[in-house]
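Tertiary structure, described
Spelled out from the first residue to the last, the chains are:
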Amino acid sequence: MRMIKLGIREAGAKAARGPLAVAATALLTVTALVALPQSTAHAADTLGAAAAEKGRYFGAAVAANHLGEAQYAATLNTEFNSVTPENEMKWDALEPSRGSFSFGNADRIVNHARGRGMAVRGHTLVWHSQLPGWVSGLGTSDLRSAMNNHITQVMTHYRGQIHSWDVVNEAFQDGSSGARRSSPFQDRLGNGFIEEAFRTARATDPNAKLCYNDYNTDGVNAKSNAVYTMVRDFKSRGVPIDCVGFQSHFNSASPVPSDYRANLQRFADLGVDVQITELDIEGSGTTQATHYGNVVTACLAVSRCTGITVWGIPDKYSWRSSGTPLLFDDNYTKKPAYHAALSALGGSDGGGGDPGGPGDPDAACTAAYTTAEDWGGGYNGKVTITAGRSPISAWAVNVTMTPPQKVSTVWNGSPTWDGSGNVMTVRSSWNGTLAAGASTTFGFTVTRNGGSTTPPQLGPCTAS
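The rules we used
- Residues numbered from 1 in each chain as written.
- Predicted model: local features only at pLDDT ≥ 70, side-chain atom pairs only at ≥ 80, totals over all residues.
- Heavy atoms only, no water.
- Helix = DSSP H or I, 4+ residues; strand = E, 2+ residues; numbered from the N terminus.
- Buried < 20%, exposed > 50% of the residue type's maximum accessible area, 1.4 Å probe, protein only.
- Contact = heavy atoms within 4.5 Å.
- Areas by Shrake-Rupley, 256 points an atom, 1.4 Å probe, with all protein chains shown as cover.
- Disulfide = S-S within 2.5 Å.
- Pairing = 2+ DSSP bridges.
- Axes fitted to C-alpha atoms, helices over the stretch in contact; angles between N-to-C directions.
- Salt bridge = Lys/Arg side-chain N within 4 Å of Asp/Glu carboxyl O.
- Parallel < 35°, antiparallel > 145°, perpendicular 65-115°, else oblique.
- Left-handed = near helix turned anticlockwise from the far one by under 90°.
- Nonpolar A, V, L, I, M, F, W, Y, C, P; charged D, E, K, R; others polar.
- Phe/Tyr/Trp six-rings, centres within 6.5 Å; stacked < 30°, edge-to-face > 60°.
- Lys NZ or Arg CZ within 6 Å of the ring centre and 35° of its normal.

**Brief notes about the overall build of the protein chain**
- What the protein chain contains, in helices and strands, is twelve helices and 18 strands.
- For the protein chain, the proportion of its 464 residues judged to be buried stands at 57%.
- Nonlocal contacts in the protein chain, meaning residues at least 24 apart in sequence, comprise 77% of its contacts between residues at least 6 apart.
- As displayed, the protein chain has an accessible area near 16,100 Å², and 51% of this comes from carbon and sulfur atoms.

**Considering the state of the cysteines**
- All chains considered together, the criterion is met by three disulfides.
- In this model, C299 is linked to C305 through a disulfide, with the two sulfur atoms separated by 2.1 Å. The sign of the S-S torsion, about -105°, decides the handedness of the disulfide formed by C299 and C305: left-handed. Each member of the pair, C299 as well as C305, is classed as buried.

**Topic: the sheet that holds strand 13 (residues 406-411)**
- An order of 10-11-16-13 is seen for the four strands of this open sheet, with the pairing classed as antiparallel. Only two strands of the sheet have a single neighbouring strand rather than two, namely strand 10 (365-375) and strand 13. Averaged over all pairs of adjacent strands, the angle between strand axes in this sheet comes to 25°, irrespective of strand direction.
- Bridge count between strand 13 and strand 16 (residues 439-447): five bridges; the pairing is antiparallel.

**Comments concerning the pattern of salt bridges**
- The full count for this structure, using the stated rule, is 18 salt bridges.
- Residue E195 pairs with R237 through a salt bridge whose shortest N-O separation is 2.7 Å. Separated by 42 residues along the polypeptide, E195 in helix 8 (residues 193-204) and R237 in helix 9 (residues 222-237) bring together distant segments of the chain.
- Relative accessible area serves as the criterion here: at 41%, R237 is assigned to the partly exposed category.
- Between D374 and R448 there is a salt bridge, and its shortest N-O distance comes to 3.1 Å. Taken together, the positions of D374 in strand 10 and R448 in the loop between strand 16 and strand 17 (457-458) put the pair 74 residues apart, joining distant regions of the chain.
- Among the residues examined, D374 registers a relative accessible area of 23% and is labelled partly exposed.
- Through salt bridges with shared partners, a single network forms among E195, R199, D233 and R237.

**Remarks on the packing of helix 11 (residues 285-301) against helix 12 (residues 336-344)**
- At their nearest, the axes of helix 11 and helix 12 sit 8 Å apart, and the two run at 25° to each other. Taken together, the axes of helix 11 and helix 12 lie roughly parallel to each other. With respect to the hand of their crossing, helix 11 and helix 12 are arranged in right-handed fashion. On the side of helix 11, the interface is formed by G285, Q288, A289, Y292, G293, V296, T297 and L300, while helix 12 contributes P336, A337, A340, A341 and A344.
- Residue composition of the contact of helix 11 with helix 12, grouped by class: nine nonpolar, four polar and no charged.

**A short note on unusual backbone geometry**
- The peptide bond linking H123 to T124 adopts the cis configuration, its omega dihedral lying at 0°.
- Along the chain, T124 falls in strand 3 (residues 119-127).
- Omega for the peptide link from P403 to P404 comes to 5°, which places this bond in the cis form.
- Summarising the element assignment, P404 is placed in the loop between strand 12 (395-400) and strand 13.
- In this structure, T324 is a non-glycine residue whose phi angle is positive, near 40°.
- Following the sequence through the fold, T324 ends up in the loop between strand 9 (305-310) and helix 12.

**A short note on the packing of aromatic side chains**
- Inspection of every chain in the model, using the stated rule, returns 17 aromatic pairs.
- For the pair Y228 and F267, a centre-to-centre distance of 5.4 Å together with 85° between the ring planes defines the contact as edge-to-face. Within this pair, whereas Y228 is found in helix 9, its partner F267 is found in helix 10 (residues 260-268), the two being separated by 39 residues in sequence. Comparing Y228 with F267, the two get one shared label, buried.
- A network of ring pairs unites the aromatic residues F58, F80, F328 and Y338 as a single cluster.
- Over the ring of W411 we find R114, and its NZ or CZ is 5.5 Å from the ring centre.
- A cation sits over an aromatic face here: K223 above Y215, 3.6 Å from the ring centre.

Everything listed here is a matter of coordinates, which is why it stays silent on function.
This is how it looks when you write it as structure tokens:
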């Protein structure tokens, strides 16, 4: 991996670290990730739940080959409400030979996320790196056809399952020129390839958010100015672009810039969402924690900053592992950076709360609700059950609906109803046995029937 001028290795060097994987999902919108109020006031005690209470997501880049590792999967499932496939959706993984698509690894990640009420970011459709060799050998006409076909086939496969796509990734040079990067697409198709990619993407999935994503654009500089000019032009001419991704890879040579928040805001002022898409900050201790807290605070200060994704879960699996840049150490212990990020989101690791509510240290189990997916006529709800200080073998929780809302489907739990049809008791099915502090989830689909938008109310969690 080469070092770039500002001291951050090019994000394109985030190479695969092993087999890659994923699976399917329903329509996801960023705003659907807002956690709705519960029956008892409390401070959320995970990153995803705390972000959702602020109307945002907090996600992680996921490698499919790690999903079989218990601690990896448990940390992902507990802490995050959005995932980005780390390498599994890149061109070489999905279309290794022309016209032959391999979705297995990407599907595994998508299915894992979907089954747990998480959203999915698609990364990435058009990028100069991790291209199979056959792409760079194409002439102009064939390359245009191949690019548009790749976008169409991949987005069709995942239509309705991805809340945001990185349509084009890292198309601008570093340095002071503000010029486009040399790539097969730029060199043969010219400046218009980005617009063409976005128009093809919109035609394929009108409901997905379409993003441009890049690194070293976190502050105001020649590169970010060039991206800004492009986005402003696209918005003025009706080119479909919904969001801009800021990778935000920081270290001592390339720290969080002082104008980070202002830079996010100027893009938001163009009428696009901004997303922090690949956050990692090298360092340790209070210095690293302060930087993480500042990044989260900057996002919360910009109303159109819809979410944050950290590029990995434990340090040992980071593409910059020697710099220990993530929120969990090699043993999945929460670092000071984790606590700073959670605190900046308004969350807390514990204390307070009614029995059975999140943060209650004496409860046999606790239950926490978030809305995972939302659409015009309904939504999917997700409830996280967490064992207390002792193991449990079964759990149950009441979920009260506001009429005329009705639950149509329940998964990962066994429901029964009271006489009114408005109070559902969900008991554990296959997932009743939990070690002390361990978590599981169940979910349900609600139809609004044209009525109230009031969220479900949870009763205390009971366990045996």
